[in-house]
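One-letter residues, chain by chain:
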Amino acid sequence: MDFYKDLFLMQQTYATLFSVTNKLQVQGDQYLKSLTSRQCMAMVAIIHLPEGGATLNNIARKLGTTKQSVKQLINIMEKKGYVNVVPSKQDKRAVNVEITESGKQVLMECGEKSIYFFADAFKHFTTEEMEILWSLLKKLYRFDGEEQSGFEENIDFEGEENLTEAQERVMKEFARLRTESEMKRRSNE
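Bear in mind that the values here come from a model prediction, so they are computed numbers and not experimental data. (Residues numbered from 1 in each chain as written. Predicted model: local features only at pLDDT ≥ 70, side-chain atom pairs only at ≥ 80, totals over all residues. Heavy atoms only, no water.)

Considering the environment of Lys79
What counts, and what does not: Secondary structure elements follow DSSP: runs of H or I of four or more residues count as helices, runs of E of two or more count as strands, with numbering from the N terminus. Summary of the burial criterion: residues with accessible area below 20% of their type's maximum are buried, those above 50% are exposed, and those between are partly exposed, where the area comes from a 1.4 Å probe applied to protein chains only.
Inspection of the secondary structure assignment puts Lys79 in helix α4 (residues 67-79). Residue Lys79 is classed as exposed on the basis of its relative accessible area, which comes to 77%.

Now the structure itself:
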């Protein structure tokens, strides 16, 4: 077994993953404008936690980061009026984070912009490649024995009849972008 090669590949994978994460965050910030990528993901985490369960610790766990990092994000978003921090009804030592109406509005705007960002960032990937990448990233996340608390592992992709007019417009544009990317990938093969 070539341990030197293994170590080299581990170092290169880590360095590349580190750089890719930073690059995605910077580019995502440029697309979203109203929120940073980290703020947007914190709000998405809040939405995916059960009512009364959006504590700083739970948000941090969902994002794979520290409570202190989440506290800084929440403080900034609270100053912008996007979230409220209220005492927890279940745990007197904890606080819950709730998204305000203006926070919901900005999250909806960022949701649309993020679709275009995703189309651009993943334009060179097939569906199968994205499935493989996601599977490998979840495997890497478990290096310390902890499972990732996913956002939406099981989703019904047939929910098209419940889309608003704006959501339908965005999904049609997303479909056009993905089709265009697929045609370019095929012509380069």
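Still to come is the rest of the account.
With respect to the packing of aromatic side chains
What counts, and what does not: When two rings of Phe, Tyr or Trp (its six-membered ring) have centres within 6.5 Å they constitute a pair, described as stacked for plane angles under 30 degrees, edge-to-face for angles over 60, and tilted for the intermediate range. We count a charge as sitting over a ring when the NZ of a lysine or the CZ of an arginine lies within 6 Å of the ring centre and within 35 degrees of the ring normal.
Under the defined criterion, the tally for this structure stands at 4 aromatic pairs. A connected cluster of aromatic rings, assembled from ring pairs, spans Tyr31, Phe117 and Phe118. Just above the ring of Trp134 sits the side chain of Lys138; from NZ or CZ to the centre is 3.9 Å.

Comments concerning the state of the cysteines
To keep it simple, the criterion reads: Any two cysteine sulfur atoms lying within 2.5 Å of each other are counted as a disulfide.
Considering all chains together, one arrives at 0 disulfides under this definition. Cys40 takes part in no disulfide bond, and the closest cysteine sulfur, belonging to Cys110, lies 5.3 Å away. Residue classification places Cys110 among the buried residues on the basis of a relative accessible area of 0%.

Re the nonpolar core
Across soluble globular proteins, nonpolar side chains have a tendency to be buried as a group. Going by this rule: In these notes, a set of buried Ala, Val, Leu, Ile, Met, Phe, Trp, Tyr and Cys residues joined through side-chain atoms within 4.5 Å is what counts as a nonpolar core. Should any heavy atoms of two residues lie within 4.5 Å, those residues are considered in contact.
In terms of nonpolar packing, the biggest core is built from 23 residues, with Leu35, Ile46, Ile59 and Ile74 touching the most fellow members. Ranked by residue count, the leading element in this core is helix α2 (residues 37-48), at 5 residues. The contact partners of Ile46, leaving out residues within four places of it in the chain, are Ala54, Ile59, Ile74, Val83, Val97 and Ile99.

So, the side chain of Ser114
Selection criterion: Within 3.5 Å is the distance limit for a polar contact, defined as a pair of N or O atoms, with the added protein rule that one can donate a hydrogen and the other accept it, and that residues adjacent in sequence qualify only through two side-chain atoms.
With respect to the element layout, Ser114 can be found in helix α5 (residues 101-121). One polar contact links the side chain of Ser114 to the main-chain carbonyl oxygen of Gly111, over a distance of 2.8 Å.

Digging into the packing of helix α1 (residues 3-32) against α5
Our working rule: What counts as an axis is a line fitted to C-alpha atoms, over the stretch in contact for a helix, and the angles between N-to-C directions run from 0 to 180 degrees. To sort the angles, those under 35 degrees are grouped as roughly parallel, those over 145 as roughly antiparallel, those from 65 to 115 as roughly perpendicular, and the leftovers as oblique. For any helix crossing, the convention is left-handed if the near helix is rotated counterclockwise from the far helix by under a right angle, and right-handed if that rotation is clockwise. Residues are sorted three ways: Asp, Glu, Lys and Arg are charged, Ala, Val, Leu, Ile, Met, Phe, Trp, Tyr, Cys and Pro are nonpolar, and all the rest, Gly among them, are polar.
At a minimum axis distance of 9 Å, the contact between α1 and α5 shows a crossing angle of 135 degrees. The angle between α1 and α5 places the two elements in the oblique class. Considering only the axes of α1 and α5, their crossing is right-handed. Residues Leu24, Gln27, Gly28, Tyr31 and Leu32 of α1 lie in contact with α5, whose contacting residues are Cys110, Lys113, Ser114, Tyr116, Phe117, Asp120 and Ala121. Grouping the constituent residues of the contact of α1 with α5 by class yields 7 nonpolar, 3 polar and 2 charged.

What about the environment of Ala121?
Looking at where Ala121 falls in the secondary structure, it is placed in helix α5. Given the relative accessible area of 27%, Ala121 is considered partly exposed. A sequence separation of 97 residues divides Ala121 from Leu24, and the C-alpha atoms of the two residues are 7.9 Å apart.

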